[in-house]
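Observations on the model geometry
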Amino acid sequence: MATYYFDNSATTRPYDMVIDLMAHIMSEEYGNPSSLHRMGMEAEGYVRTAREQVAKAMGASPEEIYFTSGGSESDNTAIFGGAYKGRRQGRKILTSCIEHPAVLESFARLKEEGFETVLLPVDKNGVLDMEAFDREMDEDVILISLMHVNNETGVIQPVEEVAKKKGHALLHVDMVQSFGKLPIDLHGALSGVDMASISGHKIHGPKGTGALYIRRGLNIRPFLVGGGQEKGLRSGTENVPAIAGLGLAAQTIYINRERKNEHLREIRDYMRGWFEENVDHILLNSSEDGAPHILSISFEKTRGEVLLHTLEQSGIYVSTGSACSSNKKGQSHVIKAMGRTDKQVEGTLRFSLCDSCTMDEAKFVCEKTKEAVERFRRLGSFR
Amino acid sequence: MTEVNNTAMQEEERNVFIVRCGEAALKGQNKPYFEKMLVERIKRLLHKYEGVEVRRREGLVFVYADKKIAKDEIIHQIGKVFGVASISPAVTCEPTMEAVYATAVDYMKQLIEERGIKTFKVEAKRADKSFPVTSPEIARRVGAAVLKGCKVLKVDVHDPDVVLFVDMRSDKAYLYQQKIKGFGGLPLGTNGKGLVLLSGGIDSPVAAFMMAKRGMAIEAVHFHSYPYTSERAQQKVEELASILAIYCSRFKMHVINLLPIQEQIVMHCREEETTIMVRRFMMRIAQAVAKEKGCDMLITGESLGQVASQTSDALVCTDAVCDIPVMRPLIAMDKVDIMDIARDIDTYETSIQPYEDCCTVFLPKHPLTRPKLKRIEESESKLDVDALVKAAVESLETIEIFPR
């Protein structure tokens, strides 16, 4: 059975050349960058190259890039580091209510530690409520954490606007879903961002790898201590093959990016239009000007999980909310925050694309989704 | 002479455990059979360790294990064997009074060091009735020897820190001070075979465990509603089954998709009757599977009044479709007590993973709690019951479950 992988916001298939490069490093050039001999230097070379590749992709300098184990670790390091850094200036930290659990749970922990945390609401389109932001923004705010693109809806958040209003607070941006899709220029349009998280496995790189951008001159407290790797911010022997894979993926995904995005938009818009035309009682959770690769739709009077398993029988892989929360019984906090009822949230599917998705695949996915929805609605379940 | 010394040496390198068979020993004529089954089960559970020997002698089972294997590990394993009443790690010596005195003093010195005991008493018995000293006399003399050898100890016959048991047997004298309780029950496979309806919840694994504890061999049937339930839900049930297999030995689990039947019921019958009707189909299918697989009876985790399908009226309706016995070992138990057993046998944590099962998929808002058999039978007449059951039984897939 053919595979229709439409769950690229959960994770992506690594590029073949990433796999080849990593296999080569693991089997041939497995040195430790800290070793004094030549093999150590070769390994160090891979890490340096990767740092340059990631820095270029983010519009930053190599010395501003710190490798981590992924998006969650980057978020944790930035948020705890940022909050502790500013605790003498104030105790208030802001984020939105639609963040990834790595951010929300970090905030919850900091609240226990005595920080005043504010989870800002979003409007019905899933965009940060700027009025609420303005109301909460004051001298006491020392840290703001805001995601660039929401992982469940693809909605782009007003990061630049927040950056202009941040005052003396530090601004951390979770770019896990935007990196590789949107242009990221941390020395240009996004220069107000102090820290930014990215992840390898969302951009056809390996799992267990990511990076944290920390603006030059900003020193935060390390999360892991030990051998002093990554300039002391993140001790532990560098995961050289994964870091090299991340670097190569970061470089590759931005080649011809504008053309690739047009391709993604074309497929996404086709699917959205098709569903609007052919399936009744649907709610769109994604907007046209959102990230090009995510389409979230609530099919009323269905249950996302059942649709998911029905589609799986045709080799189609999608997700309900996000992969991070789909193991739990809880419903998407993101879609709910947009003012949807429990019933509406229940029938939500997220289709997330990658550059190699084709229009033919999308058509097949649409047809099968319609069948699944209709079957469910015919049979129903009583709740 | 050399041979005797060799044996003594060997004994010293091994830990000895006395295993009591409890109820199994009471079964008169069948006693040797039960004991043999018990020894087989213990052997099978311990065969992953090297240097273990299991022997049956004079109504007891003796386990000898290499000292390299932790005592607790052996006790933990034997404790899982149905039919074991208690286990005592023991020390042994030649069956003479002098040898016992010396061994008892050493043994008590060790307990003083490990646990700081201050008081003790001695209880003795002779399995070897030809031994010239009577039991009370053995106890008295060993007590005197211990008092002399361990100055810090005093005798307390009412509430001693330690009771030292001395068992004079023809081959050896056995000294021990602990009786660690086993599960009791009867050795597995001494009481027919039952087919348990395993759902993935807390109750059904406990029901299977309780019947297996009475010696019943187990097979299982699991119903799912894929794609309304997920593959993870089935994975969870397989995991539960593999925990059960620790006690029940490897067994077969038959897996059946109930969705085609649920679809028919939802389309043709009244909403509030769904639960009870699905339940009746489950029992019918399980019964057909039981007959095909040579199981004598069904086992369910039902507990009176726990949910709509387990009220007395509902049980009348579900029981009406069965002509083989249905064992409901939890029927009169409270949920909290069932949960306690689930924790005890290690199934609880797995059971509470929140995956939807086939019973909750088409849960009506207000299920009937007092269904009337006649009315249910009328509703059912709209369906081709026999054909649906037959198709379900034919769709069965069998998975071999191995102990985790």
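Residues numbered from 1 in each chain as written. Chains lettered and ligands numbered in written order. Predicted model: local features only at pLDDT ≥ 70, side-chain atom pairs only at ≥ 80, totals over all residues. Heavy atoms only, no water.

**Structural notes on the overall build of chain B**
Heads up, the condition is: The way it works is that DSSP assigns letters per residue, a run of H or I at least four long becomes a helix, a run of E at least two long becomes a strand, and they are numbered from the N terminus. Accessible area is worked out with a 1.4 Å probe on protein chains only. A residue is then buried under 20% of its type maximum, exposed over 50%, and partly exposed in between. Residues count as neighbours in contact if any of their non-hydrogen atoms are within 4.5 Å of one another. All accessibility values rest on the Shrake-Rupley procedure with a 1.4 Å probe; residue burial counts only the protein chains present in the view.
On a plain count of helices and strands, chain B comes out with 15 helices and 15 strands. Expressed along its principal axes, the backbone C-alpha trace of chain B runs to roughly 85 × 40 × 40 Å. When burial is assessed residue by residue, chain B has 53% of its 404 residues classed as buried. Expressed as a percentage of contacts within chain B between residues at least 6 apart in sequence, the contacts between residues at least 24 apart total 80%. Entry remark: accessible area of chain B is about 18700 Å², with carbon and sulfur atoms responsible for 51%.

**Description of the packing of aromatic side chains**
Under the convention used in this document: Stacked, edge-to-face and tilted are the three classes for Phe, Tyr and Trp ring pairs, Trp counted by its six-membered ring, which pair at centre distances within 6.5 Å; planes under 30 degrees apart are stacked, over 60 edge-to-face, the rest tilted. Charges are assigned to positions over rings by a cutoff of 6 Å between ring centre and Lys NZ or Arg CZ, combined with an angular limit of 35 degrees from the ring normal.
Counted under the stated rule, the structure contains 18 aromatic pairs over all chains. Relative to B:F183, the ring of B:F82 lies with its centre 6.1 Å away and its plane at 55 degrees, an arrangement referred to as tilted. Pair noted here: B:F82 is in the loop between α3 (71-78) and β4 (84-93) and B:F183 is in strand β9 (residues 180-184), with a separation of 101 residues, a long-range link. The exposure class assigned to B:F183 is partly exposed, which follows from its relative accessible area of 22%. Aromatic ring contacts, followed pair by pair, group A:F80, A:Y84, A:F115 and A:F223 into a single cluster. Positioned over the ring face of B:F281 is B:R284, at 5.1 Å from the centre of the ring. Positioned above the aromatic ring of B:Y348, the side-chain terminus of B:R343 is 4.3 Å from the ring centre.

**Looking at unusual backbone geometry**
In the segment running from B:Y226 into B:P227, the intervening peptide bond is cis, with an omega of 5 degrees. Take B:P227: it is sitting in the loop between β11 (217-224) and α7 (231-248). Within the chain, A:K231 stands out as a residue other than glycine whose phi angle is a positive 50 degrees. Here A:K231 is to be found in the loop between β8 (210-214) and α7 (240-253). Note on A:K231: relative accessible area 57%, which makes it exposed. Its identity as a non-glycine residue notwithstanding, A:N256 has a phi of 55 degrees, on the positive side.

**Observations concerning the environment of A:L186**
All names here are of chain A. Examined against the element boundaries, L186 turns out to sit in the loop between β6 (170-174) and β7 (195-199). The class of L186 is buried, set by a relative accessible area of 1%. Counting along the chain gives 159 residues from L186 to V345, while the straight-line C-alpha distance between them is 35 Å. Here L186 is in contact with M58, G59, A60, M175, S191, V193, A196 and Y213, once residues within four sequence places are set aside.

**So, the pattern of salt bridges**
The following threshold applies: Whenever Lys or Arg places a side-chain nitrogen within 4 Å of a carboxyl oxygen from Asp or Glu, that contact is recorded as a salt bridge.
Counting across every chain of the model gives 47 salt bridges over all chains. Put simply, A:E73 and A:R234 hold a salt bridge, and the shortest N to O gap is 2.7 Å. Of this pair, A:E73 sits in helix α3 (residues 71-86) while A:R234 sits in the loop between β8 and α7, and the two are 161 residues apart along the sequence. The exposure class assigned to A:R234 is buried, which follows from its relative accessible area of 18%. Across the pair B:R140 and B:E137 runs a salt bridge, and its minimum N-O distance is 2.9 Å. Taken together, the positions of B:R140 and B:E137, both in helix α5 (residues 135-149) and three residues apart, correspond to about one turn of that helix.

**Brief notes about the domain arrangement of chain B**
Residues and elements named next belong to chain B. Filter applied, for reference: Throughout, the edges of the domains are those of an automatic or database domain assignment. Note on definitions: buried area is the accessible-area loss of two parts on being combined, 1.4 Å probe, summed for both. Pairing of N or O atoms within 3.5 Å defines a polar contact, subject to two protein rules: one partner must be a possible hydrogen donor and the other a possible acceptor, and residues neighboring in sequence count only if both atoms are side-chain atoms.
The domain boundaries assigned to chain B delineate domain 1 (2-183) and domain 2 (193-401). Here domain 1 and domain 2 have C-alpha centroids that lie 44 Å from each other. Facing the seven residues of domain 1 at the interface are eight residues of domain 2. Across the domain 1 to domain 2 interface the summed buried area is about 800 Å²; carbon plus sulfur atoms make up 56%. For domain 1, the biggest contributors to the area lost against domain 2 are K80, F82 and F183; these three give 68% of the whole. Joining domain 1 to domain 2, the criterion identifies zero salt bridges. Run the count over domain 1 and domain 2 and you get three residue pairs in polar contact (both at pLDDT 80 or more).

**Points about the sheet that holds strand β12 (residues 348-352) of chain A**
Sheet strands pair by backbone hydrogen bonding; their relative direction is either parallel or antiparallel. All names here are of chain A. Spelled out, the test is: If DSSP finds at least two bridges between two strands, the strands pair. In this description, a line fitted to the C-alpha atoms serves as the axis of each element, helices being fitted only across the stretch in contact, and the angle between N-to-C directions of two axes falls anywhere from 0 to 180 degrees.
Read from one edge to the other, the open sheet built from three strands follows the order β9-β10-β12, with strand pairing classed as antiparallel. Of all strands in the sheet, those bounded by a partner on one side alone are β9 (282-284) and β12. For this sheet the average axis-to-axis angle between neighbouring strands, irrespective of direction, equals 25 degrees.

**As for α5(B)**
Given 3.6 residues per turn, any residue in an α-helix points the same way as the ones three and four places further on. Residues and elements named next belong to chain B. Heads up, the rule is: The span expected for a helix works out to 1.5 Å for each residue beyond the first. Taken from the helix axis, the directions to the C-beta atoms give the arc we talk about.
A rise of 1.5 Å per residue sets the reference length of α5, with its 15 residues, at 21 Å; its end C-alpha atoms lie 21 Å apart and thus fit the reference within 8%. Along α5, the positions that sit buried rather than exposed are S135, I138, A139, V142, G143, A145 and V146. Along the axis of α5, the buried residues cluster in a sector spanning 165 degrees; they form a single face. Exposed positions of α5 whose direction lies more than 90 degrees from the buried face are P136, R140 and K148. Contact partners of the buried residues in α5: α4 (97-115), β5 (119-126) and β7 (162-168).

**Describing the packing of helix α9 (residues 304-312) of chain A against helix α12 (residues 359-379) of chain A**
Residue and element names in this part refer to chain A. Where we set the bar: The cut-offs work like this: below 35 degrees is roughly parallel, past 145 is roughly antiparallel, 65 to 115 is roughly perpendicular, and the gaps in between are oblique. For any pair of crossing helices, the crossing counts as left-handed if the nearer helix is rotated counterclockwise from the farther one by less than a right angle, and right-handed if it is rotated clockwise. Side-chain classes follow a simple rule in which Ala, Val, Leu, Ile, Met, Phe, Trp, Tyr, Cys and Pro form the nonpolar group, Asp, Glu, Lys and Arg form the charged group, and the remainder, Gly included, forms the polar group.
The geometry of α9 relative to α12 is characterised by a closest axis approach of 9 Å and an angle of 130 degrees between their N-to-C directions. Accordingly, the angle class assigned to the pair α9 and α12 is oblique. Between α9 and α12 lies a crossing whose hand is right-handed. Contacts between α9 and α12 involve V306, L307, T310 and L311 from the former and K368, T369, A372, V373, R375 and F376 from the latter. Taken together, the residues of the contact of α9 with α12 break down into six nonpolar, two polar and two charged.

**Points about the nonpolar core**
So the rule is basically this: Throughout this description, the term nonpolar core refers to a set of buried Ala, Val, Leu, Ile, Met, Phe, Trp, Tyr and Cys residues connected via side-chain atoms within 4.5 Å.
Formed by 52 residues in total, the largest nonpolar core has its most connected members in A:V54, A:M58, A:I65, A:F67, A:I144, A:F179 and A:L186. Considering each element in turn, this core owes the most residues, nine residues, to α7(A).

**Side note on the domain arrangement of chain A**
All names here are of chain A. As far as domains go, chain A holds domain 1 (4-12 + 257-379) and domain 2 (16-253). Look at where the C-alpha atoms of domain 1 and domain 2 centre, and you get two points 27 Å apart. The interface is formed by 32 residues belonging to domain 1 together with 31 residues belonging to domain 2. Between domain 1 and domain 2, roughly 2300 Å² of surface is buried when both sides are summed, and carbon and sulfur atoms account for 52% of that area. Linking domain 1 with domain 2 are 18 residue pairs in polar contact (both at pLDDT 80 or more), by the criterion used here. Elements that contribute at least two residues to the side of domain 1 that touches domain 2 include exactly α8 (257-278), β10 (294-299) and α10 (333-337). Considering only residue class, the side of domain 1 that touches domain 2 consists of 11 nonpolar, 15 polar and six charged.

**Examining the sheet that holds strand β3 (residues 92-96) of chain A**
Residue and element names in this part refer to chain A. Taken in spatial order, the seven strands of this open sheet run β2-β8-β7-β6-β5-β3-β4, and their pairing is mixed. The sheet terminates laterally at β2 (65-68) and β4 (116-120), the two strands that pair on one side only. Across the sheet, the mean angle separating the axes of adjacent strands is 20 degrees when strand polarity is ignored. Summarising the sheet, β2 and β8 pair through four bridges and their orientation is antiparallel. By the bridge assignment, Y66 is partnered in β8 with L212. Each of β2, β7 and β8 is contacted by helix α2 (residues 38-58), which is oriented at about 115 degrees to β2, the strand it contacts most. α3 rests against β2, β3, β5 (141-147), β6, β7 and β8 of the sheet, and its axis sits at about 165 degrees to β7.

**What to know about the confidence of the model for chain B**
All names here are of chain B. Heads up, the condition is: Per residue, pLDDT captures the predictor's confidence, and it can take any value from 0 to 100.
Looking at chain B as a whole, its pLDDT mean stands at 90, while 95% of the residues score no less than 70. Here helix α1 (residues 2-13) stands out as the element of chain B with the lowest mean pLDDT, 47, in contrast to strand β13 (residues 297-299), whose mean of 98 is the highest. Overall fold confidence (pTM) sits at 0.81, and the ipTM for the predicted complex is 0.71.

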